[in-house]
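As a plain string of letters, each chain reads:
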Amino acid sequence: MEIIYEDNHLIAVNKTCHEIVQGDKTGDEPLSEMLKSWLKEKYDKPGDVFVGVTHRLDRPVTGVVLFAKTSKALPRINEMFRLGKIEKTYWAITKNCPPAPQGELRHWLIRNEKQNRSVAYDTEKPHAQLAILHYRVISKSDRYYLLEIALETGRHHQIRCQLAKIGCPVKGDLKYGAERSNPDGGISLHARRLAFIHPVSQQPVEIIAPPPLESLWEAFKVAPQSFQPV
């Protein structure tokens, strides 16, 4: 695990595409359990260690995942996620360039539980959820584009689904129309940044996760910066 932030109440990990946040049917050890063991050893705790899951990332997605270390912080941070009080910024690599260098995407998403995917529509449909994100192209290489994305809503596979809808599937994302998979089995979508007011100390917190150490990500050398939606 790569720990990128820790205080008395919160801890954040830079997740790889092979790690899962919570336990699932695969039986693989999730980050939540790995963190419990890590904290128990680091602080030589004799009893059980508390680690609360505050949000999730899809398995093939990399980047910052935030956990609560105390029962005091968990419900507060969960409520902040629910109310949209936490800024979430992502980076995505696509082969195709969006129709405009920056803009807002607004779709209606319907989740298919059996296929574990979502479908985006331009107009409202029964049982659909409104999905809104803001994007801008921040860099490009010979063959690919790097997009920075600010989420306004948090829907199932939202970024993956909405980018595919405009003809820009995330590199490696076969589920949403990419031409081929990535060598590591992940997709080129990275949870770059979380910014919020700390639920206990009330101080501003910004957590930035370095992208994977891969040649394609290395081709996009972009300095950290705040994203102001257009």
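Bear in mind the structure is a predicted one, so any value in this text is a computation, not a measurement.

A.B. asks: For this particular structure, what's the right way to read helix 2 (residues 73-82)?
C.D. replies: Because an α-helix completes one turn every 3.6 residues, residues spaced three or four positions apart along the sequence face the same direction. For helix 2, the complete set of buried residues consists of Ala73, Leu74, Ile77, Met80 and Phe81. On an axial view of helix 2, the arc spanned by its buried residues comes to 130 degrees, and they lie on one face. For helix 2, the secondary structure elements touched by its buried residues are strand 2 (10-15), strand 3 (52-53), strand 4 (62-68), strand 5 (87-94) and strand 10 (189-197).

A.B. asks: I tried to follow unusual backbone geometry on my own but got confused; where do I start?
C.D. replies: Excluding glycine, most residues fall at negative phi; most peptide bonds, likewise, are trans. The phi angle at His127 is positive, at roughly 70 degrees, despite the residue not being glycine. For His127, the position within the fold is in the loop between strand 7 (117-121) and strand 8 (129-140).

A.B. asks: What exactly am I supposed to notice about the environment of His9 here?
C.D. replies: Mapped onto the secondary structure, His9 falls in the loop between strand 1 (3-6) and strand 2. Placed 62 residues apart in sequence, His9 and Ser71 show a C-alpha to C-alpha distance of 8.6 Å. Ignoring anything within four residues of it in the chain, the contact list for His9 reads Phe67, Ala68, Lys69, Thr70, Lys72, Ala73, His198 and Val200. At a separation of 2.9 Å, a polar atom in the side chain of His9 contacts the side chain of Thr70.

A.B. asks: Explain the nonpolar core to me, please; I cannot follow it from the model alone.
C.D. replies: The nonpolar side chains of soluble globular proteins are, as a tendency, buried together. Ranked by internal contacts, the top residues of the largest apolar core, which has 43 residues, are Leu66, Phe67, Ile149 and Phe196. Non-local contacts of Leu66, meaning those with residues more than four positions away in its chain, are made with Leu10, Ile11, Ala12, Thr54, His55, Ile77, Phe81, Leu194, Phe196 and Ile207. Counting residues in each nonpolar core, the second largest holds 7 residues, with Trp91, Ile93, Leu146 and Phe220 among its members.

A.B. asks: Explain the pairing of strand 8 to me, please; I cannot follow it from the model alone.
C.D. replies: On a regular strand, one side chain projects to one face of the sheet and the next to the other, so that they alternate. Relative to strand 8, strand 6 (residues 102-112) runs antiparallel, the two being bridged by 8 bridges. Following the sheet pairing, His107 is matched in strand 8 by Ala131. Two elements, strand 8 and strand 9 (residues 145-151), share 7 bridges in a ladder whose sense is antiparallel. Of the residues in strand 9, the one forming a bridge with Lys140 is Tyr145. The antiparallel hairpin formed by strand 8 and strand 9 contains 4 residues in its connecting segment.

A.B. asks: Can you walk me through the pattern of salt bridges in this structure?
C.D. replies: Pairs may arise between side chains of opposite charge once their charged atoms sit close together. Under the counting rule described, the total for this entry stands at 14 salt bridges. The salt bridge involving Arg160 is made with Asp173; its shortest N-O contact spans 2.8 Å. Of this pair, Arg160 sits in helix 3 (residues 158-165) while Asp173 sits in the loop between helix 3 and strand 10, placing them 13 residues apart in sequence. Just as Arg160 is buried, Asp173 falls in that class too. Connected through salt bridges with shared partners, the residues Glu6, Lys42 and Lys69 form a single ionic network.

Calculation rules
- Residues numbered from 1 in each chain as written.
- Predicted model: local features only at pLDDT ≥ 70, side-chain atom pairs only at ≥ 80, totals over all residues.
- Heavy atoms only, no water.
- Buried < 20%, exposed > 50% of the residue type's maximum accessible area, 1.4 Å probe, protein only.
- Helix = DSSP H or I, 4+ residues; strand = E, 2+ residues; numbered from the N terminus.
- Arc of directions from axis to C-beta.
- Contact = heavy atoms within 4.5 Å.
- Polar contact = N/O pair within 3.5 Å; in protein donor to acceptor, adjacent residues only side chain to side chain.
- Core = buried A, V, L, I, M, F, W, Y, C linked by side-chain atoms within 4.5 Å.
- Pairing = 2+ DSSP bridges.
- Salt bridge = Lys/Arg side-chain N within 4 Å of Asp/Glu carboxyl O.

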